[in-house]
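Notes for the structure review
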Amino acid sequence: MHFALLGNNRIEAQPKLNGLCSCCSKPVIAKCGTRKIWHWAHKSKTDCDNWWEPETEWHRTWKNNYSADWQEISLLNKRTGEKHIADVRTVHNLVIEFQHSHINPQERTSREQFYKNMVWVVDGTRLKRDYPRFLKEWKSDGISEVHQTDKSGIFKVWFPEFCFPEHWLKSSVPVIFDFRGDGSMDDSEGLRNTLYCLFPQFGRHARVAKISRKAFIKATTNGEWTLRVLDFINEFRIQDEIELRKQQQTMPHSSNKIIYTWRGIPLIGGYKKNRKRL
Ligand SMILES: [Zn+2]
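Residues numbered from 1 in each chain as written. Predicted model: local features only at pLDDT ≥ 70, side-chain atom pairs only at ≥ 80, totals over all residues. Heavy atoms only, no water.

1. Some details on the pairing of strand β4 (residues 27–31)
Side chains V28 and A30 of β4 all project onto a buried face; the interleaved residues P27, I29 and K31 project onto a face where none is buried. Here strand β3 (residues 18–20) runs beside β4; their pairing, made up of 3 bridges, is antiparallel. Bridge pairing links N18 to I29 in β4. Once β3 ends, the chain turns through 6 residues before running back antiparallel as β4, passing S25 with a positive phi of about 65°. The pairing of β4 with strand β5 (residues 39–42) spans 4 bridges and is classified as antiparallel. Pairing of I29 across the sheet is with A41, part of β5. (Buried < 20%, exposed > 50% of the residue type's maximum accessible area, 1.4 Å probe, protein only. Helix = DSSP H or I, 4+ residues; strand = E, 2+ residues; numbered from the N terminus. Pairing = 2+ DSSP bridges.)

Next comes the structure, spelled out in structure tokens:
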């Protein structure tokens, strides 16, 4: 953890300091070695927050884009007594979780249900294959641009599992992929510096927006983020409705589900199956 309680103050780890965990109130000690980032650790094994993962420089750099008062906020579900530490919670009640480690879909869903108004920021450099896979698909015709708004373009991604790690595809909240890592990797095309926001998916294709780091931090800080995401999602629903109506006019006996086509071929069944066929 970045902060512990010392009296009434939240303080950062410094050599030889002791403090209390802001979540479970148990004693924590400052770990200030050379191998890992300076942090606080529980003195004894505890079941404090089972969602907590050891922090990397990547986590810390991201969290420090936000005010210290917004970092590591303990949140309690009064009904169940469940308590977790949000990486960042803004004054507008948006939770931002920075995820480096693998997360299984059940835990991802539990966290989304617990935090509700949240956005994931995922380290897209955890596995060696993550970025090359994204790059290959992003440059292929598996992506088509639908419309461009003032700053961020929205892209339709027909085969999202060829683009992003599969366990993020069914997320019910936006997932931001950050492929920059610690900034040391080759980025001759300048694609790593942009963030890629995968919206919750309905229909057969995923929608992705490119957003600059600065714009993301600004929108999440000033509270515009949640409304903008809702606007986009409403627009996606309207687009899907229009597509469905068009389909029903041309094929009156078709089902009430949209049959998406790609290069004129109906996409029925799984993506992977279709991709192979194409
Ligand atoms: Zn604790």
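2. Looking at the confidence of the model for the protein chain
As a note on interpretation, predicted positions should not be read in detail where pLDDT is low. With 85% of its residues at a pLDDT of 70 or more, the protein chain has an overall mean of 84. When the criterion is pLDDT under 50, residues 148–152 qualifies, and its contacts beyond four places in sequence or with other chains add up to 5 contacts. Per-residue pLDDT stays below 50 along residues 267–271; that stretch engages in 18 contacts with residues further than four places along the chain or on separate chains. (pLDDT = per-residue confidence, 0-100. Contact = heavy atoms within 4.5 Å.)

3. Details of the coordination of the zinc ion
In the first shell of the zinc ion, the protein supplies C21 (SG), C24 (SG), H42 (NE2) and C48 (SG), at 2.0 to 2.3 Å from the metal. In this structure, the zinc ion is coordinated by 4 donor atoms arranged in tetrahedral fashion, with angles at the metal of 106 to 113°. When the donors of the zinc ion are listed by position in the chain, the intervening gaps give C-x2-C-x17-H-x5-C. You can see C24 sitting in the loop between β3 and β4 and its partner H42 sitting in strand β5, a full 18 residues away along the chain. For C24, a relative accessible area of 23% corresponds to the partly exposed category. (Donors = N, O, S within 2.8 Å, 3.2 Å for Na, K, Ca; no water. Tetrahedral: all angles 85-135°; square planar, octahedral: opposite > 155°, others 65-115°.)

4. A few points about the nonpolar core
Generally speaking, nonpolar side chains in soluble globular proteins are found buried as a group. The biggest cluster of nonpolar side chains holds 30 residues, and the ones touching the most others in it are Y115, W120, F134, W138, F164, F177 and L198. Elements with a minimum of two residues in this core: β6 (71–76), α2 (105–115), β9 (118–123), α3 (130–139), β11 (153–157), β12 (175–178), β13 (194–198) and β14 (206–212). Element by element, the count of residues in this core is highest for α3, at 4 residues. By size, the runner-up hydrophobic cluster in this structure holds 25 residues, among which are W70, V88, I211 and I233. (Core = buried A, V, L, I, M, F, W, Y, C linked by side-chain atoms within 4.5 Å.)

5. With respect to the pattern of salt bridges
Per the stated rule, a full pass over the model turns up 9 salt bridges. With its nearest N and O atoms 2.8 Å apart, the salt bridge here joins R111 to E107. A residue pair is termed a helical-turn pair when its members lie 3 or 4 positions apart in one helix, as R111 and E107 do in helix α2 at 4 residues. Using a relative accessible area of 4% as the deciding quantity, one classes R111 as buried. In this structure, a network of salt bridges that share partners links the residues E55, R60, K63 and E72. (Salt bridge = Lys/Arg side-chain N within 4 Å of Asp/Glu carboxyl O.)

6. Considerations on the pairing of strand β1 (residues 3–6)
When β1 meets strand β2 (residues 9–12), the two strands line up antiparallel, connected through 4 bridges. Note that in β2 the partner of F3 across the bridge is E12. In sequence, β1 turns back onto β2 through a hairpin of 2 residues, with G7 there showing a positive phi of about 65°.

7. Quick look at the side chain of H39
Along the chain, H39 falls in strand β5. From its side chain, H39 meets the backbone oxygen of I37 in a polar contact 2.8 Å long. (Polar contact = N/O pair within 3.5 Å; in protein donor to acceptor, adjacent residues only side chain to side chain.)

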